[in-house]
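Topology and contacts: notes
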Amino acid sequence: MKNTKIEVKDLSLYYGEKQALKNISLEIPRNKVTALIGPSGCGKSTFLRCINRMNDLIPSVKITGEMLVEGIDIYDKNVDVVNIRKKIGMVFQKSNPFPKSIYENVAYGPKINGINNKTELDEIVETSLRQAAIWDELKDRLDDSAMGLSGGQQQRLCIARTLAVSPDIILMDEPASALDPISTSKIEELVHELKEQYTIIIVTHNMQQAARTSDYTAFFYLGELIELGKTNTIFTKPEQKQTEDYITGRFG
Amino acid sequence: MDKIIDKENPHFFSNTTNNADVKGKFFIGITQLAVVLIIAILFIILGIIVFEGREKFSWEFISSFPTDGMTKGGVLPAIIGTFILVVVMSIAAVPFGTITAIYLTEYAKENSKIAAAVRFSVRTLAVVPSIIFGLFGLGFFIQFLGTGLDETFNGGELHWGQPNILWASLTMSLLTLPVIIVSVEEALKTIPRELREASLALGATKWQTIKNIVLPGSISGIMTGTILAVSRGAGEVAPILFTGAAYYLATLPESLSDQFMNLGYHIYIMSTQSSDVEKTMPIQFATTLVLLILTLSLNLVAVIIRSRIRRKSK
C-alpha cells in the first residue's frame, strides 16, 4: 500500500505476565476508514489504545515491536507522547464531555495548546462543531453546560472537541455502542464525511456498522490479527475460516 | 423476632432455647441502653452549656473586651484571635495538604515506597496526641527556628524566639494536615478516569489535566477539608498552649509576631485561674457556648458540602 498512514510491525502487548496482543503486523491506509472487529476481549480496543499510547497510563503494560505513524515509531524514546496525542485524536465508548460549557469543551484542546485569542477560538469552535454536524443544534446555547445534552449530542460534541485540535488520525472506540439508532446513524454519516480529511480507525461490535462505515476491516481474535482486507472482501469472501465463522455469526 | 415464632410451637422456626432467648434480650437491652446514654450525654452537655451560658450570651458579650480582671465584659479578642489563628493555619496547611494529596493520588505509582511512607506518616500524624504538637512547636518553631532567626538577623534580640500567632498557627497546621490530606485525596478520587483520559487524549499534559479538570472538580472536597481542619483547629488548645496563646491582652494582635487570645484557652483559664469563680462561671459557660456554636456550625457546613459531592459523584 503506497498510501500507508500507520504501519505496525510485530507489535505485542503484555498486561504483566499476560500477553494481550500477539505479534500484530498491519498497515492502515491514509484517509480511509478502517474498522477493527472481533469478539469481546480479542484485543481490538487494546490495539486502538496503542495507537495514541493511551496504554501508557496503565502501569503494568509492556509493549514491544514498532508502531510507525508516517514512518516515525511513536514508541521511540525521543518522541513526546503529548505531541502524539495532539496528532492522533480519540473518541471514547462512553461520551465524556467535561463538566464545562459546550464552548469550553471544544475550546479546551486549542487552549492547552496556547491559543487564547478569542476570535481565533470562536472560529475553531464554530468550524469544529460544523464539522461534527452539530453546530445548528448548539449554536444558540454554547454557554450551556455540556452535561445537559443528550447522549448522541454529547458524543458528537466529543468528536468536535477532538477535531478542534486538528489531528491527522481519529481513533474511535465503539463510539455509538451506547446510542440509539438515530444518533448512531448520525455518527456513521459523520464518519463517512470525516474520512475526506482524516484517517479514521473505528472499533465496533456491530458488524453492520463495520460493513456500512469502513473501507477496510481488520478481524482480531484472541489477541491476534486474523485478517485485514477491503471491507467488501472481508464480508463476502474472507480468506480465513475464523473470519467467516465470526462474520456469519457462528461464534462470538 | 417474636412475631414470626409460632405461639403454639415456639421452636418451630429456630432452635433457640429459652435460656438463649433471655441472653439475647439482655444484650439487646444493653445496646439500647448504650444508644440512650450516648444521646443523653450529648444533650446533657449541650443543655447545661446552653442553660448556664444563655444569660451572659449576647451581642455585647461577643463584641467587647474582657474587663475588671476578666470578671466582666466579653470575649471579642478571643474570637478574633481564634479567627486569625485558623486563617493563618489554613494558609499554611491547605496548599501543603492539597499538594501532598495530589502527589499521593495523581503522581505516586501504585507500589511506590515513598507514597507508602507518606501515607504511614499522615496516619501516624493523625493519632499523635495534640499536646505533643504543642511541645514540638515550642521546641522546633520557637526555640530552634525563632531563636535561630533572631540570632541570625536580629543580633540575638528577642523577637521571633517567643510564642506568637505565626508559630501557634504553624503548629496547629501540622495537627490539621491529615484532615486536609484525607479529604482532598477523597475528592480527587471521585474525578472519573474517563475525564482524565479525555483531557490526555487531546494532548494535555498530566499537569494540565490536573489543573484544568481534576482540581476544579475537587474544589468542594478541598473546601470540606479546609472547614473540617478549621473547626478542629478552632477547638484545640494544647498545640497553642506554649506557642502563642495569651492569658489576657488589652489590645488586638497587630502582627504575626504578637501573641493572641483564644476561645479554647480562655475557657481553660477561666476554669483554672479565676480570681472569683462566682463571677467568672457565667462567662466561662457563655464562652463555651460561643466556641460550640462556632465548631458545630463549621462541621455542619462541611457535612452539607460533602453530602453534595457524594450525590454529584454518583
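Residues numbered from 1 in each chain as written. Chains lettered and ligands numbered in written order. Predicted model: local features only at pLDDT ≥ 70, side-chain atom pairs only at ≥ 80, totals over all residues. Heavy atoms only, no water.

Focus: the overall build of chain B
Note the cut-off: The numbering of helices and of strands both runs from the N terminus, where a helix is a DSSP run of H or I of at least 4 residues and a strand a run of E of at least 2. This radius of gyration counts C-alpha atoms alone. The globule rule is 2.2 Å times how many residues there are, raised to the power 0.38.
Helix and strand counts for chain B stand at 11 helices and two strands. Helices (α) and strands (β) of chain B occur, in sequence order from the N terminus, as α-α-β-β-α-α-α-α-α-α-α-α-α. Expected size for 314 residues packed as a compact globule is a radius of gyration near 20 Å; at 26 Å, chain B overshoots this value by more than 25%. Across its three principal axes, chain B shows a C-alpha extent of roughly 90 × 70 × 35 Å.

Comments concerning the nonpolar core
The test is simple: The criterion is simple. A nonpolar core is a set of buried Ala, Val, Leu, Ile, Met, Phe, Trp, Tyr and Cys residues joined through side-chain atoms within 4.5 Å. Type-normalised accessible area, obtained with a 1.4 Å probe on protein chains alone, sets the label of each residue: buried when under 20%, exposed when over 50%, and partly exposed for intermediate values.
Within the largest apolar cluster, 52 residues are counted, with the highest numbers of intra-cluster contacts made by Leu-188 and Ile-240 of chain B. The next biggest cluster of nonpolar side chains, apart from the first, holds 42 residues, and it includes Ala-132, Trp-135, Leu-149 and Ile-187 of chain A.

Observations concerning the sheet that holds strand 4 (residues 61–69) of chain A
All names here are of chain A. We count it as follows: The criterion for strand pairing is that DSSP finds at least two bridges linking the strands in question. A contact between two residues is defined here by any heavy atoms of the two lying within 4.5 Å. Axes, fitted as lines to C-alpha atoms, cover a helix only where it is in contact. Angles between the N-to-C directions of the axes lie from 0 to 180 degrees.
Pairing in this open sheet of four strands is antiparallel, and the strands run 2-1-4-5 from one edge to the other. Pairing within the sheet leaves two strands with one partner each, and these edge strands are strand 2 (18–29) and strand 5 (72–73). Pairing between strand 1 (residues 4–15) and strand 2: eight bridges, direction antiparallel. Its bridge partner lying in strand 2, Leu-11 is registered against Ile-24. Seen against the sheet, helix 1 (residues 44–51) touches strand 1, strand 2 and strand 4 and runs at an angle of roughly 120 degrees to strand 1.

Concerning the UniProt feature "domain: ABC transmembrane type-1" (unreviewed entry) in chain B
Worth spelling out the cut-off: UniProt positions are given in the numbering used here, feature names are shortened, and annotations may be inferred rather than shown by experiment.
Feature annotation in UniProt places "domain: ABC transmembrane type-1" (unreviewed entry) on residues 79–302 of chain B, given in this structure's numbering. The straight-line gap between the two end C-alpha atoms of residues 79–302 of chain B is 21 Å; of that span, 77% is helix and 0% is strand.

Details of the domain arrangement of chain B
It is common to give the size of an interface as the accessible area lost on bringing the parts into contact. Residue and element names in this part refer to chain B. Note the threshold: Domain boundaries shown here were taken from an automatic or database domain assignment. Accessible surface is computed with a 1.4 Å probe, and the buried area is the amount of it that two parts give up when combined, taken over both parts together. Pairing of N or O atoms within 3.5 Å defines a polar contact, subject to two protein rules: one partner must be a possible hydrogen donor and the other a possible acceptor, and residues neighboring in sequence count only if both atoms are side-chain atoms. Each residue is assigned to one class: nonpolar for Ala, Val, Leu, Ile, Met, Phe, Trp, Tyr, Cys and Pro, charged for Asp, Glu, Lys and Arg, and polar for all the others, Gly among them.
Each assigned domain of chain B is listed with its residue range as follows: domain 1 (2–52) and domain 2 (54–313). Here domain 1 and domain 2 have C-alpha centroids that lie 41 Å from each other. At the interface, six residues of domain 1 touch seven residues of domain 2. Summing both partners gives a buried area of about 670 Å² for domain 1 against domain 2, and 71% of it is carried by carbon and sulfur. Between domain 1 and domain 2 we count two residue pairs in polar contact (both at pLDDT 80 or more) in total. Residues of the side of domain 1 that touches domain 2, tallied by class, amount to five nonpolar, no polar and one charged.

Side note on the interface of chain B and chain A
For clarity, the threshold we go by: In what follows, salt bridge is the name for a side-chain nitrogen of Lys or Arg lying within 4 Å of a carboxyl oxygen of Asp or Glu.
Residue-level contacts link 17 residues of chain B with 23 residues of chain A. Overall, the association of chain B and chain A removes approximately 1,600 Å² of surface from exposure, summing both partners, and the carbon and sulfur fraction of that is 66%. Across the chain B-chain A interface, the total number found is one salt bridge. Between Arg-49 of chain A and Glu-197 of chain B there is a salt bridge, and its shortest N-O distance comes to 2.7 Å. For the interface between chain B and chain A, the tally reads five residue pairs in polar contact (both at pLDDT 80 or more). When contributions to the side of chain B that touches chain A are tallied by element, the ones reaching two or more residues are helix 7 (193–201) and helix 8 (206–235) of chain B. In terms of residue count, the dominant contributor to the side of chain B that touches chain A is helix 7 of chain B (eight residues).

Some remarks on the sheet that holds strand 7 (residues 169–173) of chain A
Residue and element names in this part refer to chain A. Here we have six strands laid out as an open sheet, ordered 6-7-8-3-9-10, and mixed in their pairing. Edge positions in the sheet fall to strand 6 (88–91) and strand 10 (224–230), since each has one partner strand and no second. Here the strands of the sheet are splayed against their neighbours by 15 degrees on average, with no regard to which way each runs. Bridge count between strand 6 and strand 7: four bridges; the pairing is parallel. Across the sheet, Met-90 pairs through a bridge with Leu-171, a residue of strand 7. Packed onto the sheet, helix 6 (residues 151–163) meets strand 6 and strand 7 and runs at close to 170 degrees relative to strand 6.

A word on the packing of helix 4 (residues 118–131) of chain A against helix 6 of chain A
Residues and elements named next belong to chain A. Applied cut-off: We call two directions roughly parallel when the angle between them is under 35 degrees, roughly antiparallel when it is over 145, roughly perpendicular when it lies between 65 and 115, and oblique otherwise. In this scheme the handedness of a crossing depends on how the near helix is turned from the far one: anticlockwise by less than a right angle means left-handed, clockwise means right-handed.
Interhelical geometry of helix 4 versus helix 6 gives an angle of 130 degrees and a closest axis separation of 8 Å. Put simply, helix 4 runs oblique to helix 6. Where helix 4 crosses over helix 6, the two elements pack in a sense that is right-handed. Mapping the contact onto sequence places Ser-128, Leu-129 and Gln-131 in helix 4 and Leu-157, Ala-160 and Leu-163 in helix 6. Residue composition of the contact of helix 4 with helix 6, grouped by class: four nonpolar, two polar and no charged.

Some remarks on the pairing of strand 10 of chain A
Residue and element names in this part refer to chain A. Pairing of strand 9 (residues 216–221) with strand 10 involves six bridges; the strand directions are antiparallel. From the neighbouring strand, Phe-220 faces strand 10, where its bridge partner is Leu-225. The hairpin turn running from strand 9 into strand 10, its antiparallel successor, is two residues long, and Leu-222 in that turn takes a positive phi close to 50 degrees.

What to know about the UniProt feature "transmembrane region" (unreviewed entry) in chain B
Under the present numbering, the feature "transmembrane region" (unreviewed entry) in UniProt falls on residues 26–51, 75–104, 125–145, 165–188, 209–230 and 283–305 of chain B. From the first C-alpha to the last, residues 75–104 of chain B spans 41 Å; its make-up is 97% helix and 0% strand.

Description of the pairing of strand 8 (residues 199–203) of chain A
All names here are of chain A. Among the five residues that make up strand 8, five are buried, leaving the element largely enclosed by the rest of the structure. Both faces of strand 8 are covered, namely the face carrying Thr-199, Ile-201 and Val-203 and the face carrying Ile-200 and Ile-202. Bridging between strand 7 and strand 8 involves five bridges; their strand directions are parallel. By the bridge assignment for strand 8, Ile-169 is matched with Thr-199.

Concerning the environment of Gly-148 of chain A
Turning to its location among the elements, Gly-148 of chain A is positioned in the loop between helix 5 (135–138) and helix 6. Taking the C-alpha atoms as reference points, Gly-148 of chain A and Ser-101 of chain A, 47 residues apart in sequence, are found 9.5 Å from one another.

Considerations on helix 10 (residues 263–272) of chain B
An α-helical turn contains 3.6 residues, so any two residues separated by three or four positions project in the same direction. Residue and element names in this part refer to chain B. Judged by how many residues are buried, helix 10 sits mostly within the fold: seven of 10 residues are covered. Among the residues of helix 10, Leu-263, Gly-264, Tyr-265, His-266, Ile-267, Ile-269 and Met-270 are the ones counted as buried. Where helix 10 begins, one side-chain oxygen reaches toward the backbone nitrogen of Gly-264, 2.9 Å away; that side chain belongs to Asn-262.

Thoughts on the pattern of salt bridges
Residue and element names in this part refer to chain A. In this structure the tally under the stated criterion is 19 salt bridges over all chains. Residue Arg-141 pairs with Asp-144 through a salt bridge whose shortest N-O separation is 3.7 Å. Its relative accessible area of 38% is what places Asp-144 among the partly exposed residues. Between Asp-245 and Lys-241 there is a salt bridge, with the nearest N and O atoms lying 3.2 Å from each other. You can see Asp-245 and its partner Lys-241 sitting in helix 10 (residues 241–247), four residues apart, about one turn around the helix. With relative accessibility at 54%, the residue Lys-241 sits in the exposed group.

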